[in-house]
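Residue-level structure breakdown
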Amino acid sequence: VEDSSEQLIVATTRLETMLGDTAVAIHPEDERYKHLHGKFVIHPFNGRRIPIVCDEKLVDMSFGTGAVKITPAHDPNDYECGKRHNLEFITILGPDGSINHNGSQFEGMMRYDARIAVEEALKEKGLYKGKEPNKMRLGLCSRSGDILEPMITPQWYVNCDGMAKRSTDAVRKGELKILPAEHEKTWFQWLDNIRDWCVSRQLWWGHQIPAWFATKKGEEGVLKTDMKNNDRWVVARNEEDAFAKAVNLLGCSKDEIILERDEDVLDTWFSSGLFPFSVMGWPDNTNDFKAFYPTSLLETGLDILFFWVARMVMMGLQLTDTLPFHTVYLHAMVRDKDGRKMSKSLGNVIDPLEVI
């Protein structure tokens, strides 16, 4: 604790993330720490002055020491805490899993090597208080088996507030029917609590996002990964249109401009949400579009009521000002003996050839 000999002890399962800590959270009603309200601690490796914040949503007084280290850039719960308290977001990892320039003397180490090195360094400083087993959930990549690392990276988002409101109003007014009606509660649960939709994916396949990053030839230090340069992105139907917008944006000739298209692709559900009208030739007002849109009945599985159906309704209302269908009929799901949905990732599917 700053200007004292007192130590505030925290516990963590990912020791290397302390390099990106920007706060320590305590519960406002915890008598043990009431004298620390509004005070600061000093980071043992980089000397960073870290605030002690009171957060009743995140901290469980009865768990651990009752003090929680906050790494907003590398944990979903800490991220929300960081937004609540206007904390600094410090990314300590590179795309390859190594510690970056924010990692003090641990820069360049791979994340798990850094975990061991941080432990040793804490022992040398007399700040290591012990270790004990702790059961936890780990996110694993379905393809490589690697442990997933929460990180803040630039992404594209869609504000869904207005679209979601129109979609719930359509059901409440009876303009859109969901059958069986018991599934209306799922509809309202998702759409009444809508959040911004992250529509960018770092995959090889999909519709490439129609956005270009504009710079002038010879310009240095303007990085597309830096949020300060968000105004350099232009969204357009094609490269020619993007060049025209970039000329207006940068105030120079086309010959002086370098355009770099974002390599990210659109979320599958974004592309699927366009299905009812895009297959009819939209955005052109084709004969098929005039004859066959909107449709009448959608029949699908109850498990994708939000992921697909709600997206089609939201985007239909937003882009065509018309509901894509007036009735949604949800069928039951084929499940395994444990009641789980059959899926390739779970490995519980049945080969129809074997059944036959």
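Here the structure is shown first, and the text comes after it.
Counting restarts for each chain: residues are numbered from 1 in the order of the written sequence. Per-residue local features of the predicted model are confined to residues with pLDDT of at least 70, and side-chain atom pairs are confined, for both listing and counting, to 80 or more; whole-chain, interface and lining totals are unaffected and use all residues. Side-chain figures throughout are based on the complete set of non-hydrogen atoms in the structure, without hydrogens or water.

The description of two packed helices rests on the angle between their axes and on the distance between the axes. The convention used is that axes are lines fitted to C-alpha atoms, helices contributing only their stretch in contact, and that angles between N-to-C directions extend from 0 to 180 degrees. In this description a helix means any DSSP run of H or I spanning at least four residues, a strand means any run of E spanning at least two, and both kinds are numbered starting from the N terminus. Relative to each other, helix α4 (residues 184-191) and helix α9 (residues 305-320) sit at 75°, their axes nearing to 11 Å. Classed by the angle they form, the pair α4 and α9 counts as roughly perpendicular. Within the contact between the two elements, α4 uses Thr-186, Trp-187, Trp-190 and Leu-191 and α9 uses Leu-305, Phe-306, Phe-307, Val-309, Ala-310, Val-313 and Met-314. Residues are grouped as follows: nonpolar covers Ala, Val, Leu, Ile, Met, Phe, Trp, Tyr, Cys and Pro; charged covers Asp, Glu, Lys and Arg; every other residue, Gly included, is treated as polar. Taken together, the residues of the contact of α4 with α9 sort by class into ten nonpolar, one polar and no charged. Just so you know how the angles are binned, under 35 degrees is roughly parallel, over 145 roughly antiparallel, 65 to 115 roughly perpendicular, and the rest oblique. Should any heavy atoms of two residues lie within 4.5 Å, those residues are considered in contact.

Below, the discussion takes up the pairing of strand β13 (residues 297-301). Remember that side chains alternate between the two faces of the sheet whenever the strand is regular. Direction of pairing for β13 relative to strand β14 (residues 327-331): parallel, over a ladder of five bridges. Each residue of the ladder has a partner; that of Leu-298, found in β14, is Val-328. The path from the first strand over the helix to the second decides the hand: if it runs clockwise while the strands point away from the viewer, the crossover is right-handed. Considered for its hand, the β-α-β crossover made up of β13, α9 and β14 is right-handed. A pair of strands is considered paired only if DSSP assigns at least 2 bridges between the two.

Before going further, it helps to examine the sheet that holds strand β9 (residues 211-216). The three strands lie next to each other as β10-β9-β11, forming an open sheet whose pairing is antiparallel. Each edge of the open sheet carries a strand with a single partner, namely β10 (233-235) and β11 (257-261). Strand-to-strand twist in this sheet, taken as the mean axis angle between neighbours without regard to direction, amounts to 35°. Direction of pairing for β9 relative to β10: antiparallel, over a ladder of three bridges. The residue of β10 that forms the bridge with Trp-212 is Val-234. Along the sheet face, helix α5 (residues 239-250) touches β9, β10 and β11 and points at about 130° away from the line of β11.

Attention shifts here to the pairing of strand β3 (residues 49-54). Here strand β1 (residues 23-26) runs beside β3; their pairing, made up of three bridges, is parallel. From the neighbouring strand, Val-24 faces β3, where its bridge partner is Ile-52. Two elements, strand β2 (residues 40-42) and β3, share three bridges in a ladder whose sense is antiparallel. Of the residues in β3, the one forming a bridge with Ile-42 is Arg-49. Between β2 and β3, which pair antiparallel and follow one another directly, the connecting turn spans six residues, one of which, Gly-47, has a positive phi of 75°.

In this section: the pattern of salt bridges. By definition here, a salt bridge exists when the distance from a side-chain nitrogen of Lys or Arg to a carboxyl oxygen of Asp or Glu is within 4 Å. In this structure the tally under the stated criterion is 20 salt bridges. Between Arg-340 and Asp-336 there is a salt bridge, with its nearest N and O atoms 3.1 Å apart. Exposure is judged per residue with a 1.4 Å probe applied to protein chains only, and the accessible area is read against the type maximum: over 50% gives exposed, under 20% gives buried, and values in between give partly exposed. Judged by its relative accessible area of 36%, Arg-340 is partly exposed. On the accessibility criterion, Asp-336 (15% relative accessible area) is buried. Beyond isolated ion pairs, a larger network of salt bridges with shared partners links Glu-119, Glu-120, Lys-123 and Lys-131.

A separate point is the nonpolar core. Counting 41 residues, the largest nonpolar core has Leu-176, Trp-187, Leu-191, Phe-325 and Val-328 as its most contacted members. For this core, the secondary structure elements donating two or more residues are α3 (161-172), α4, β9, α9 and β14. It is α9 that provides the largest number of residues to this core, a total of ten residues. With near-sequence residues (within four places) excluded, Leu-176 lies in contact with Ala-170, Val-171, Trp-187, Val-313, Leu-323, Phe-325, His-326, Thr-327 and Val-328. With 17 residues, the next largest nonpolar core counts Ala-23, Ile-26, Leu-36 and Leu-87 among its residues. We call a set of buried Ala, Val, Leu, Ile, Met, Phe, Trp, Tyr and Cys residues a nonpolar core when their side-chain atoms join them within 4.5 Å.

So, about the state of the cysteines. Note on disulfides: each one is a pair of cysteine sulfur atoms within 2.5 Å. All chains considered together, the criterion is met by zero disulfides. Cys-81 supplies the cysteine sulfur nearest to Cys-54, a cysteine that is in no disulfide, at a spacing of 10 Å. In this structure Cys-198 is a free cysteine whose sulfur lies 11 Å from that of Cys-160, the closest cysteine sulfur available.

Read across the sheet, four strands follow the order β2-β3-β1-β4 without closing on themselves; strand pairing throughout is mixed. Either end of the sheet is taken by a strand with one partner, and the two such strands are β2 and β4 (67-70). This sheet shows a mean twist of 30° between the axes of neighbouring strands, independent of strand direction.

As a further point, take the packing of aromatic side chains. Here a Phe, Tyr or Trp ring, Trp counted by its six-membered ring, pairs with any other such ring whose centre lies within 6.5 Å, and the pair is stacked when the planes are under 30 degrees apart, edge-to-face when over 60, and tilted otherwise. Under the defined criterion, the tally for this structure stands at twelve aromatic pairs. Ring geometry for Phe-289 against Tyr-293: centres 5.2 Å apart, planes inclined by 15°, an arrangement best described as stacked. Comparing Phe-289 with Tyr-293, the two get one shared label, buried. Taken together, the ring pairs connect Trp-190, Trp-269, Phe-306 and Phe-307 into an aromatic cluster. Distance and angle both matter: a charge sits over a ring if NZ of Lys or CZ of Arg is within 6 Å of the ring centre and within 35 degrees of the ring normal. A cation over a ring is seen here: Arg-49 above Phe-40, with NZ or CZ 3.7 Å from the ring centre.

Residue Pro-283 is reached from Trp-282 by a cis peptide bond, and omega for that bond is 15°. Relative to the helices and strands, Pro-283 is located in the loop between α7 (275-278) and α8 (287-292). Look at the link from Tyr-293 to Pro-294: it is a cis peptide, with omega at 0°. Non-glycine residue Asp-3 carries a positive phi angle of around 60°. Classification of Asp-3 as exposed rests on a relative accessible area of 78%.

Attention now moves to the environment of Glu-6. Assignment of secondary structure puts Glu-6 in the segment before β1. Expressed as a C-alpha distance, the spacing of Glu-6 and Leu-298, which sit 292 residues apart in the sequence, is 64 Å. Looking at Glu-6, its side chain comes within polar contact range of the side chain of His-35, at 3.0 Å. Nitrogen and oxygen atoms within 3.5 Å of one another constitute a polar contact, given that in protein one can donate a hydrogen and the other can accept it, and given that sequence-neighbouring residues count only through two side-chain atoms.

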